[in-house]
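Chain and residue survey
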Amino acid sequence: MPLLGQRPWWLRSDGCLGPLARFRSEGVPSVWTSRAEGAARSNRHAAQPVERTRVFGQLADERDIGDVGEGEADVGATALQRAEKFKDFNIGWLEEPLREDDVEGYVWLRGRSPVPIASGEGECGRESFRPFIDRQALDIYQVDLSRNGFTEAAFIRSRVEEIGARLCNHCYTSPLTAAASLHWLSTCRDAFLFEDCVDDSPLRHELTHEKVQAINGRITVPDGPGLGVTINEEF
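Predicted model only: the values in this text are computed from it and were never measured. (Residues numbered from 1 in each chain as written. Predicted model: local features only at pLDDT ≥ 70, side-chain atom pairs only at ≥ 80, totals over all residues. Heavy atoms only, no water.)

**Some points on the environment of R99**
Selection rule: Helix and strand labels come from DSSP, where a helix needs a run of H or I of at least four residues and a strand needs a run of E of at least two; each type is numbered from the N terminus. Buried, partly exposed and exposed residues are distinguished by accessible area as a fraction of the type maximum, computed with a 1.4 Å probe on protein chains only: under 20%, between the cut-offs, and over 50%, respectively.
Looking at the secondary structure, you find R99 in the loop between β4 (93-95) and α4 (103-110). On the accessibility criterion, R99 (37% relative accessible area) is partly exposed. In sequence terms R99 and S119 are 20 residues apart; their C-alpha atoms lie 9.4 Å from each other.

Below, the structure written as structure tokens:
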């Protein structure tokens, strides 16, 4: 499964070319560029994440900029303005351009945005996702297995597939969450990308004996018993 490599919030445009070059050499096909650090909540700061994306484009082709985290704009008009600015970069999606609970705002924005709209990583359970799915408020639904568990995530998956939208996991440093997310995502009919952390982190690499890690930009579902990983009790 292709990998979407997350970069943390502090990766700014003036320091991103070195890490991006390393990711490319390791075969990571897509990169999560950066959040707007909360500063992009007004029109005055709208150019900041666009500039980061432009700098990433110096080394990335159109498939490499997986998504841009916008940092939650206050109003739909501001989010739409930013979506218009990002359209020339052919980004994979615009992540959480509005507050997580703004269903009406997402419905309005998705109907007008020139780029796909994604959200959902903060939602917990089917009832939390239900209004977004019923209103078809998103293009991509991000499901965090650590918040939802397999049973709820399976229900959410079936509902999202019914409306023809796409699914992506959300996880960061834990190999347990990564393993669970891989098992769930492998059951999704239209799975297209696995979101994972590509930073060096002891928690990510030493919590389990098995390494749940991408090779040449692709990652394999663990095939051992259970989640396919065992806890390193000495960690």
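Don't stop here, the text continues.
**Thoughts on the packing of helix α5 (residues 126-134) against helix α6 (residues 145-162)**
We count it as follows: Between N-to-C directions, angles cover 0 to 180 degrees, with each direction set by a line fitted to C-alpha atoms, over the stretch in contact for helices. Note on angle classes: values under 35 degrees are labelled roughly parallel, values over 145 roughly antiparallel, values of 65 to 115 roughly perpendicular, and the remainder oblique. Contact criterion: two residues are considered in contact whenever any of their non-hydrogen atoms come within 4.5 Å of each other. Residues are grouped as follows: Ala, Val, Leu, Ile, Met, Phe, Trp, Tyr, Cys and Pro are nonpolar; Asp, Glu, Lys and Arg are charged; all remaining types, including Gly, are polar.
The interhelical angle for the contact between α5 and α6, taken along N-to-C directions, is 10°, at an axis separation of 10 Å. Viewed along their axes, α5 and α6 adopt a mutual orientation that is roughly parallel. Every residue of α6 that contacts α5 at R126, F129, R130, I133 and D134 is listed here: N148, T151, E152, F155, I156, R159 and V160. Tallied by class, the residues present in the contact of α5 with α6 amount to five nonpolar, two polar and five charged.

**Notes on the environment of V115**
Take V115: it is sitting in the loop between α4 and β5 (117-119). Considering only alpha carbons, one finds V115 and L94, 21 residues apart in sequence, at a separation of 6.8 Å. With residues up to four places along the chain from it excluded, the contact list for V115 reads A83, F86, K87, I91, L94 and D139.

**What about the pattern of salt bridges?**
Rules: Here a salt bridge means any side-chain nitrogen of Lys or Arg lying within 4 Å of a carboxyl oxygen belonging to Asp or Glu.
Per the stated rule, a full pass over the model turns up ten salt bridges. Between R159 and D134 there is a salt bridge, with its nearest N and O atoms 2.9 Å apart. Here the residue R159 occupies a position in helix α6, and D134 occupies one in helix α5, the gap between them amounting to 25 residues. Look at R159 and you get buried, because its relative accessible area is 16%. A single network of salt bridges, built from pairs that share partners, joins D134, R159 and E162.

**Details of the nonpolar core**
Here is a general trend for soluble globular proteins: nonpolar side chains tend to be buried in one another's company. Put simply, the test is: Definition used in this section: a nonpolar core is a set of buried Ala, Val, Leu, Ile, Met, Phe, Trp, Tyr and Cys residues joined via side-chain atoms within 4.5 Å.
Counting 38 residues, the largest nonpolar core has Y141, V143 and W184 as its most contacted members. Broken down by secondary-structure element, the contributors of at least two residues to this core are α3 (76-86), α4, α5, β6 (140-143), α6 and α7 (175-185). If one sorts the elements of this core by residue count, α7 sits on top with six residues. Aside from chain neighbours lying at most four places away, what touches W184 is V143, L145, F150, A153, A154, R157, L167, C168 and N169.

**Description of α4**
So the rule is basically this: As used here, the arc is the angular range of directions from the helix axis to the C-beta atoms.
Of the positions making up α4, those classed as buried are V103, G105, Y106 and L109. For α4, the angular spread of buried residues about the axis comes to 160°, placing them on one side.

**Structural notes on unusual backbone geometry**
Although it is not a glycine, N90 sits at a positive phi angle of roughly 55°. With respect to the secondary-structure elements, N90 resides in the loop between α3 and β4. When its relative accessible area of 41% is taken as the criterion, N90 is described as partly exposed. Positive phi outside glycine occurs at N216, with the angle close to 55°. Among the secondary structure elements, N216 is positioned in the segment after α8 (202-206).

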